[in-house]
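So you can see what is in the structure, the chains are spelled out below.
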Amino acid sequence: LAAWGGLQASQKGHVDFVRFLSAVDLLAASGGDGSEGARAAALVDKFNEAKELDGRSLLVLDDVDQMVAGDGPSGTSALLLATLRALLRTQAGTNAKRPGTGGGGGASSPGSLRLEGLLVVATSSGSSAGCAPALLGEVFGERVSLPCLATQEQFEGLLRACSSIDEASVAACAGALAASSSNVEGMGVKTALRLAERAAADAEDFEDGGREQLEALRAVLSDWEADLKLSREVCGVF
């Protein structure tokens with residue numbers, strides 16, 4: 001979704017450049033050093049690289065809750081959160097909006113607002129990210145929550161689009177996902193895809209792949225629900 005949003009912003013001329021940054025990219029930029037200090041330094045470097053791009057640019061922080069993960073009581077790093085907050089506040093002071101005249105291959109409508117400088121957008125995995133979304137809501141100026149999947153029909157459409165699950169098992173697996181979603185008060189698209197892909201991988205070695213995919217998915221969902229319940233209890237304590 002974040003990649004799609006960046007593509008749309010570029011194609012419609014709202015920005016001239018899009019830079020995509022994930023937790024894996026941040027780890028690679030830190031030279032494989034997963035320490036909080038190394039990741040914070042790498043994050044600063046990536047912000048500086050994005051700011052040096054000419055024109056209007058968009059920096060997408062994908063799974064930002066994983067980027068700021070640490071040993072804090074809420075599963076986040078105080079150092080990385082402080083670094084991210086400082087970078088965002090510094091950038092907010094340099095950005096300005098003004099009427100645009102178009103660019104990036106297309107013209108904007110008269111009087112439309114276009115960003116001058118760097119825009120930062122971050123995504124997180126929703127409730128599966130534990131306490132991180134609530135903390136990150138204090139860092140970013142605006143927060144948008146996308147609706148979770150709920151019905152079997154919604155999950156069926158998703159599974160058919162991603163093709164991880166055999167067609168013969170789509171309906172049954174979608175039913176299992178919908179039941180699990182109701183148990184945890186909603187499941188996001190990224191979480192559903194991740195769980196389905198994990199189940200498909202677990203069932204690869206079995207001869208009856210379709211039936212085994214369903215059984216593997218049920219086991220994966222059981223573990224996921226237990227982990228989610230534990231993370232929520234930990235958040236409640238702190």
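Heads up: the structure comes first, above all this text.
Residues numbered from 1 in each chain as written. Predicted model: local features only at pLDDT ≥ 70, side-chain atom pairs only at ≥ 80, totals over all residues. Heavy atoms only, no water.

### What to know about helix H7 (residues 152-162)
Taken residue by residue, H7 has Phe 155, Glu 156, Leu 158 and Leu 159 as its buried positions. Buried residues of H7, seen end-on, are gathered within an arc of 165° and therefore sit on one face of the element. Facing away from the buried side of H7, by more than 90 degrees, are the exposed residues Glu 153 and Ala 161. For H7, the elements touching its buried residues are helix H8 (170-183) and helix H9 (189-202). (Buried < 20%, exposed > 50% of the residue type's maximum accessible area, 1.4 Å probe, protein only. Helix = DSSP H or I, 4+ residues; strand = E, 2+ residues; numbered from the N terminus. Arc of directions from axis to C-beta. Contact = heavy atoms within 4.5 Å.)

### Here we look at the sheet that holds strand S1 (residues 17-21)
Reading across the sheet, the three strands line up as S1-S2-S5 and stay open at both edges, with parallel pairing between neighbours. Edge strands, defined here as strands with exactly one partner in the open sheet, are S1 and strand S5 (118-122). Neighbouring strand axes in the sheet, compared pairwise and without regard to direction, differ in orientation by 20° on average. Relative to S5, strand S2 (residues 57-61) is paired through five bridges, and the arrangement is parallel. Of the residues in S5, the one forming a bridge with Leu 58 is Leu 119. Here helix H1 (residues 2-11) sits on the sheet and contacts S1 and S2; the angle it forms with S1, its principal contact strand, is near 170°. (Pairing = 2+ DSSP bridges. Axes fitted to C-alpha atoms, helices over the stretch in contact; angles between N-to-C directions.)

### Structural notes on the side chain of Thr 83
One can find Thr 83 in helix H5 (residues 78-94). Beyond its immediate chain neighbours, meaning those up to four positions away, Thr 83 contacts Ala 40, Leu 43 and Val 44.

### Quick notes on the side chain of Glu 156
For Glu 156, the location among the structural elements is in helix H7. For Glu 156, a relative accessible area of 18% gives the class buried. Dropping the residues within four chain positions of it, Glu 156 is found in contact with Val 170, Ala 171 and Ala 174.

### Things to note about the pattern of salt bridges
In the structure shown here, the tally under the stated rule is eight salt bridges. Residues Arg 19 and Glu 49 are paired through a salt bridge, measuring 3.3 Å at the closest nitrogen-oxygen approach. Of this pair, Arg 19 sits in strand S1 while Glu 49 sits in helix H3 (residues 36-51), and the two are 30 residues apart along the sequence. Exposure remark for Arg 19: the relative accessible area of 28% places this residue in the partly exposed category. Glu 49 gets classed as partly exposed once you look at its relative accessible area, which sits at 34%. (Salt bridge = Lys/Arg side-chain N within 4 Å of Asp/Glu carboxyl O.)

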